[in-house]
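Structural features, examined
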Amino acid sequence: MSSSTISPSATLPATPSGQVTLAVVAKTVEADGVCRLRLADPAGRRVPDWAPGAHIDLGLADGTTRQYSLCGDRWDPYAYEVAVLREPDGRGGSAYVHDVLAEGDAVEVGGPRNNFALVPADRYLFVAGGIGITPLLPMLEQAAMLGTPWTLLYGGRTSASMAFLDRLARWGDHVVVRPQETHGLLDVAGAVAAQPAGTKVYCCGPAPLLAAVEAACVDLPAGHLRLERFTAREQGPPARTTPYEIELATSGRVLDVAPGTSVLDALSEAGVPVLASCRQGVCGTCETTVLAGVPDHRDSLLDDDERRRGDCFYPCVSRSASDRLVLDL
Ligand code: FES
């Protein structure tokens, strides 16, 4: 179909795997070691809708898949934007994006998925470390649009390495920029202590920053702290070391799962593939509804309340604490 026959209001149809094919329409340097990609349909159709905090899976031609937070204009229906930090010790995905991926290249895009949604609050404190600014940018823009008071505390190694300082400049005193080279580590405890009751705290950044924010927010009411992790959280020992059963509700089939096998692999071996991406309990792609039984949650996504509810789990890493888990599959 040629672009002239496509309505500008048409939304790209997803493949059965939930992916769409987009093209890199712009690639720009955003800061030292950070490039920004703008992805759009070459035929000009709308991309699937998203909300602040969402991420997409980027399937690259080198065979890797990576998750990146959407950082563009939430109200632009025709393009996604992501910012990618070059990670010298990474698994190669960021090097590929920086060194190989070029304008005009096609990429497979999965999602968007949102494990970090902005929920209503009297006020927000956003805390960003380095590339962790990406999911928070659309959030603070949404908060501003809604008239909800907010503050951003933003740290990074150097000001040259901190992305989007230009875009943040318009927000004046709402934004506190603290490069480590001149200010040391972020005063997270001071920032949290200065907030009035009713403030919700959103943080994205490296593990030590997340740990500092968790410690500073330990007395906040449940649900007032939301974290977005780049890497999996350390987990304690599993709830059980003996085999358990997985029942598939739609067919009544029962699978035996050995302790050393992930539920995801057990499902796949039984011919019941579940879409997965990170396989570390970080991205949310494999979320599966639990109808009965007690999951042993080993992901880095659910908060304590969500874990207690026990109505969904991530089979790439999570297991069963009960003898049988009944899944909505
Ligand atoms: S595949 Fe990413 S959470 Fe399971």
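Numbers given for residues are sequential positions, taken from 1 along each chain in its written order. Only residues with pLDDT of 70 or above have their local features reported here, since the model is predicted, and side-chain atom pairs are shown and tallied only from 80 upward, although totals for entire chains, interfaces and linings are computed over all residues. Based on all heavy atoms of the structure, the side-chain values leave hydrogens and waters out of the count.

1. Things to note about the domain arrangement of the protein
You can read the domains of the protein as domain 1 (3-112), domain 2 (123-228) and domain 3 (244-327). Spacing between the C-alpha centres of domain 1 and domain 2 amounts to 25 Å. Here, residues are in contact when the closest pair of their heavy atoms is within 4.5 Å. The interface is formed by 16 residues belonging to domain 1 together with 16 residues belonging to domain 2. Roughly 1300 Å² is buried in total at the junction of domain 1 and domain 2, and carbon and sulfur atoms are behind 63% of that figure. Domain boundaries shown here were taken from an automatic or database domain assignment. In short, buried area is how much 1.4 Å probe accessible area vanishes from two parts on joining, totalled over both.

2. Points about the environment of alanine 216
Helical segments are the DSSP runs of H or I of at least four residues, strand segments are the runs of E of at least two, and each set is numbered from the N terminus. In this fold, alanine 216 is placed in helix H6 (residues 207-216). Note on exposure labels: buried denotes an accessible area under 20% of the residue type's maximum, exposed denotes more than 50%, and partly exposed covers the range between, all computed with a 1.4 Å probe on protein chains only. Judged by relative accessible area, which is 26%, alanine 216 ranks as partly exposed. When the C-alpha atoms of alanine 216 and glycine 190 are compared, they prove to be 8.5 Å apart, with 26 residues separating the residues in sequence. With residues up to four places along the chain from it excluded, the contact list for alanine 216 reads Val188, Ala189 and Val192.

3. Digging into the nonpolar core
Grouping buried Ala, Val, Leu, Ile, Met, Phe, Trp, Tyr and Cys residues that are joined through side-chain atoms within 4.5 Å yields what is termed a nonpolar core. Ranked by internal contacts, the top residues of the largest apolar core, which has 28 residues, are Phe126, Trp150, Leu152 and Leu168. If one sorts the elements of this core by residue count, helix H2 (residues 133-146) sits on top with 6 residues. Each of domain 1 (3-112) and domain 2 (123-228) accounts for three or more of the residues forming this core. Apart from residues no more than four positions distant in its own chain, tryptophan 150 is found in contact with Tyr124, Phe126, Leu140, Ala143, Ala144, Trp171, His174 and Val175. Counting 23 residues, the second-largest nonpolar core is a separate cluster that includes Leu22, Leu39, Ala54 and Leu60.

4. Examining the sheet that holds strand S3 (residues 55-59)
In spatial order, the strands read S4-S3-S6-S1-S2-S5; together these 6 strands make up an open sheet with antiparallel pairing. In this open sheet, the two edge strands, each paired with only one partner strand, are strand S4 (65-69) and strand S5 (79-85). Neighbour-to-neighbour, the strand axes of the sheet open up by a mean angle of 40°, direction not taken into account. The rule for pairing is simple: two strands pair if DSSP sees at least two bridges between them. Comment: axis = line fitted to C-alpha atoms, over the contacting stretch for helices; angle = value between 0 and 180 degrees taken between N-to-C directions.

5. With respect to the pairing of strand S1 (residues 19-31)
When S1 meets strand S6 (residues 106-113), the two strands line up antiparallel, connected through 5 bridges. If you follow leucine 22 over to S6, its bridge partner there is valine 107. For S1 and strand S2 (residues 34-40), the ladder comprises 7 bridges, and the chain directions are antiparallel. Directly across from lysine 27, in S2, lies its bridge partner leucine 37. Once S1 ends, the chain turns through 2 residues before running back antiparallel as S2, passing glycine 33 with a positive phi of about 80°.

6. Let's talk about the environment of glutamate 87
Here glutamate 87 shows up in the loop between S5 and helix H1 (93-99). Taking relative accessible area as the criterion, glutamate 87 reaches 47% and is therefore assigned partly exposed. Along the sequence, glutamate 87 and arginine 229 sit 142 residues apart, while their C-alpha atoms lie 16 Å from each other.

7. Points about the packing of aromatic side chains
Aromatic pairing here means that ring centres of Phe, Tyr or Trp (its six-membered ring) are within 6.5 Å. Orientation follows from the plane angle: under 30 degrees is stacked, over 60 is edge-to-face, and everything else is tilted. If you walk through the whole model with that rule in mind, you get 6 aromatic pairs. For the pair tyrosine 124 and phenylalanine 126, a centre-to-centre distance of 5.5 Å together with 20° between the ring planes defines the contact as stacked. For phenylalanine 126, a relative accessible area of 0% gives the class buried. The interplanar angle of 55° and the centroid separation of 6.3 Å between the aromatic rings of phenylalanine 126 and tryptophan 150 together place this pair among those described as tilted. In this pair, phenylalanine 126 sits in strand S7 (residues 123-129) while tryptophan 150 sits in strand S8 (residues 150-156), placing the two residues 24 residues apart along the sequence. Here the two residues phenylalanine 126 and tryptophan 150 agree in accessibility, since each one is buried. Pairwise contacts between aromatic rings join Phe116, Tyr124, Phe126, Trp150, Trp171 and Tyr202 into one cluster.

8. A look at H2
Expected helix span is taken as 1.5 Å per residue step, with the number of steps being one fewer than the number of residues. Compared with the 20 Å implied by 1.5 Å per residue over 14 residues, the 20 Å span of H2 between its first and last C-alpha is a close match. Most of H2 sits inside the fold, with 11 of its 14 residues counted as buried. Packed against the buried residues of H2 are S4, S5, S7, S8, helix H3 (165-168) and strand S10 (199-204). Phi turns positive one or two residues past the end of H2, at glycine 147, with a value near 80°.

9. Considerations on H6
Three- or four-residue spacings in an α-helix give side chains the same orientation, since the helix completes a turn every 3.6 residues. By the burial criterion, the buried members of H6 are Leu209, Leu210 and Val213. When H6 is viewed along its axis, its buried side chains cluster within an angular range of 100° and face the same direction. Exposed residues on H6 whose side chains face more than 90 degrees from its buried face are Pro208 and Ala215. On the buried face of H6, the contacting elements are S7, helix H5 (188-193), S10 and strand S11 (225-228). It is the directions from the helix axis to the C-beta atoms whose arc is reported.

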